[in-house]
Each structure stands twice: as C-alpha cells, then as structure tokens.
Amino acid sequence: MTICSIGPGQIESVREMFPHSVYWQARTGLADVFGLQDDNGVLQAVMAAEVRGLATRLLWLWVAPDYRRQGLGRMMLLTLMANGHDAGTNRLELDFPVDDNLEMFSLMVGLNVPFRQIGSLYATTLGQVDLSRLEGHVRQAVGFPLGQADPLQRKEVGQVLRSQQMPAHPELVAQCYDPDLSRLFFRDGALRAMLLIEAGAHLCVSYLWCDKEWSQILPGLLVCCLRAARERYPADTELYTGTIAESASRLSDAFLPNAKKTLVFQYRIPIG
Ligand SMILES: CC(C)(COP(=O)(O)OP(=O)(O)OC[C@H]1O[C@@H](n2cnc3c(N)ncnc32)[C@H](O)[C@@H]1OP(=O)(O)O)[C@@H](O)C(=O)NCCC(=O)NCCS
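Scoring rules and cut-offs
- Residues numbered from 1 in each chain as written.
- Predicted model: local features only at pLDDT ≥ 70, side-chain atom pairs only at ≥ 80, totals over all residues.
- Helix = DSSP H or I, 4+ residues; strand = E, 2+ residues; numbered from the N terminus.
- Expected span 1.5 Å × (residues − 1).
- Buried ≥ 20, exposed ≤ 12 C-beta atoms within 10 Å, placed from the backbone.
- Contact = placed C-beta atoms within 7 Å.
- Near = placed C-beta within 6 Å.
- Nonpolar A, V, L, I, M, F, W, Y, C, P; charged D, E, K, R; others polar.
- Core = buried A, V, L, I, M, F, W, Y, C linked by C-beta atoms within 7 Å.

Student: Just to check I follow, could you spell out helix α2 (residues 72–86) for this structure?
Tutor: Along an α-helix, a turn takes 3.6 residues, which lines up residues three or four apart on a common side. In this model, α2 (15 residues) spans 21 Å end to end at C-alpha, consistent with the 21 Å of a helix rising 1.5 Å per residue. Of all 15 residues that make up α2, 14 are buried, and the element is covered over most of its length. The first or second residue beyond α2 is G88, which carries a positive phi of 95°.

Right under this line is the structure:
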C-alpha cells in the first residue's frame, strides 16, 4: 500500500465515497484528498481534510470494507495529525458527528488523545506525533533479525528481492546489511515483510517490503528499526530513507516528521 494524493481533477473516481458536501469541497480544491493504493493502483482508503489557518480538519475518512480493522484508518489519521502539526496547525477537528459512528468513535478513543466535545463535533490539540502511539504496529512488527535467518529463509529473502528486480547476493547478510537491524517477518511459513538496513557511517533503509495484506506493519517496522538502532549505535548516527525505497520515504514523511531532507537521499533523522 502506498499513500497518494488525489487532485481535484481525479476526484470523480472517488465521488461516491464522500458525502455530497465533502465532494464539493474536494472538487473546488478546498479540501485535500489522500488515498491508500494497493499494488494494482486501486484505492482502498480515502481521506479528505482541510489544513488551513490554525486547524487541521478531518472531513471524511473511509476504508474499504475488506481492508478494515487492519490499522489503516488509524495510520491515516495519525499521518494527518503529523502533517497538520508540521504545517503549523495546533488543533485537529473532526468535522462530522461521530457519536453514532461506532467504528470512528472507537478509532478516536483508541488514539488516547484528549478530545474536547463542541456540540456534536470533537477537537484536540496537535503536538508532535509520538511514535509510541504506533505501539500496536510495533507489537506486530517485531519479526526477527536477518542475522538469525536459516538458509531456507535467506533463500526466500533472495527470491523476494529478485522478484522485485533487486540484486540478490548470496552473501547478502554478511556483506551489506546490518544483521540485527534488518528484520524479517514470517507468518504461516511465508515471508510477509522485510526491512533491510545498510550499515556504514550512516544507516540507510535500503529496502522495505511487505505482502499487501501486511501493509499495516510498515510503520511499525520503521519504528522498531529506530528503537533497535538507538540501542546499538551512537546517538549522532543518522538513518537515511528515501529514493531507494519510495514507500519508506513516504512513511518517513508521515511518521518521522523530524527527518530532514538531504540532497543525496531524501530524508535523514538522528537516531538519538
Ligand atoms: C471508521 C473507519 C475509517 C475505520 O477504519 P479502519 O481502518 O477499519 O480502522 P483501524 O483498523 O485503524 O481501527 C483502529 C481502531 O478503531 C477501533 N475500531 C475500528 N473499527 C471498529 C469496529 N467495527 N468495532 C470496534 N472498534 C473498531 C478499534 O479500536 C481499532 O483498533 P484495534 O483494531 O487495534 O482494536 C472505517 O470503519 C470506515 O471506513 N467506516 C465507514 C466510513 C465511515 O463511517 N467513516 C467515518 C466518518 S468520516
């Protein structure tokens, strides 16, 4: 799954996902619309929001029924909060009544932020998005270090890399990737996700991949990596993500708002 932005010109295709008023706001460019695309480019989640003045306003959030309860709604809302904070707004407002919407209400409660009720609407202040809010993702994403993979598992890693047109060296583990920070995630005997971190003077997210049904653990993989890096590397070590792994750079954008853009790679963040 990748996060994409949907411009006013592309709005017709998602018209039926919105209430009429949100559709018109999106069409006239008053609302920003974001989507989550699966590997076939099909939108499986859509969010409309307004980031203006001092407030970030969530106008509508929709996740395709088959993709619900996998953490996508929460991930999009947290992304919006991180971006809203970055854009200088200090308040998140939910611009629709949620009291009679169990799913949305539960999602909000699960965020553990204090919402103020104003009539039928809810608002909260926006601070730096705390990575610990991704705790659920992290729990699912722990996986095990690449260095502990047995020969069969390494072979599977090689196959996935080749299928993604990445060079797959037989001595992959020893040669370039940090065997502890790089993580593999197996479920039901199959490789579901992996994060490959190249170690050198800097750390670099050189590959981030997951089976499309496991996309919800991608942010967790990054957070796990940061945590493990904090324990093992000096605090001024920087972690780069960017051009090599596009999905990693999009996630960094959303979840590592402190990361600085650089010329060579798109983002870097001190791990301390
Ligand atoms: C509301 C909606 C966007 C949530 O999306 P989602 O991707 O399924 O939500 P998440 O998987 O991120 O859920 C996060 C938390 O919300 C709560 N939650 C979500 N759906 C729930 C449900 N049906 N019952 C109880 N709790 C629910 C849970 O606490 C969940 O955490 P958990 O799975 O770890 O227990 C989705 O249900 C939806 O599109 N509904 C229809 C459109 C709509 O009504 N939008 C709201 C108005 S904008």
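That was the structure; now back to the text.
Student: Is there a simple way to think about the environment of G189 in this case?
Tutor: Mapped onto the secondary structure, G189 falls in the loop between β9 (183–187) and β10 (190–199). Since 6 C-beta atoms lie within 10 Å of it, G189 is described here as exposed.

Student: Can you walk me through the environment of D95 in this structure?
Tutor: Of note, D95 is situated in the loop between β5 (91–94) and α3 (102–110). On the neighbour-count criterion, D95 (19 C-beta atoms within 10 Å) is partly exposed. C-alpha separation for the pair D95 and L58, spaced 37 residues apart in sequence, amounts to 5.9 Å. If we skip the residues at most four places from it in the chain, D95 touches R57, L58, L59 and L121.

Student: How should I be thinking about the site of the ligand in this particular structure?
Tutor: Around the ligand there are 20 residues in total, and R68, G73, R74, E103 and S106 lie nearest to it. At the level of elements, β4 (55–63), α2 and α3 are the ones that each hand at least two residues to the shell around the ligand. Counting residues per element, the shell around the ligand draws most heavily on α3, which supplies six residues. Split into classes, the residues belonging to the shell around the ligand amount to nine nonpolar, seven polar and four charged.

Student: Hey, could you run me through the nonpolar core in this one?
Tutor: Side chains of a nonpolar character, in soluble globular proteins, are inclined to be buried together. Ranked by internal contacts, the top residues of the largest apolar core, which has 32 residues, are M47, A48 and M76. Secondary-structure elements contributing two or more residues to this core are α1 (20–27), β2 (32–37), β3 (43–52), β4, α2 and β5. No other element matches α2, which puts eight residues into this core. Those residues in contact with A48 that lie beyond four places of it in its chain are F18, V22, A26, A31, V33, L59 and W60. If you look at the next biggest cluster of nonpolar residues, it comprises 24 residues, including A193, L203, V205 and C210.

Student: Can you help me understand unusual backbone geometry in this one?
Tutor: Its identity as a non-glycine residue notwithstanding, R69 has a phi of 60°, on the positive side. Looking at the secondary structure, you find R69 in the loop between β4 and α2.

Geometric descriptors of this kind do not, in isolation, establish any biological role.
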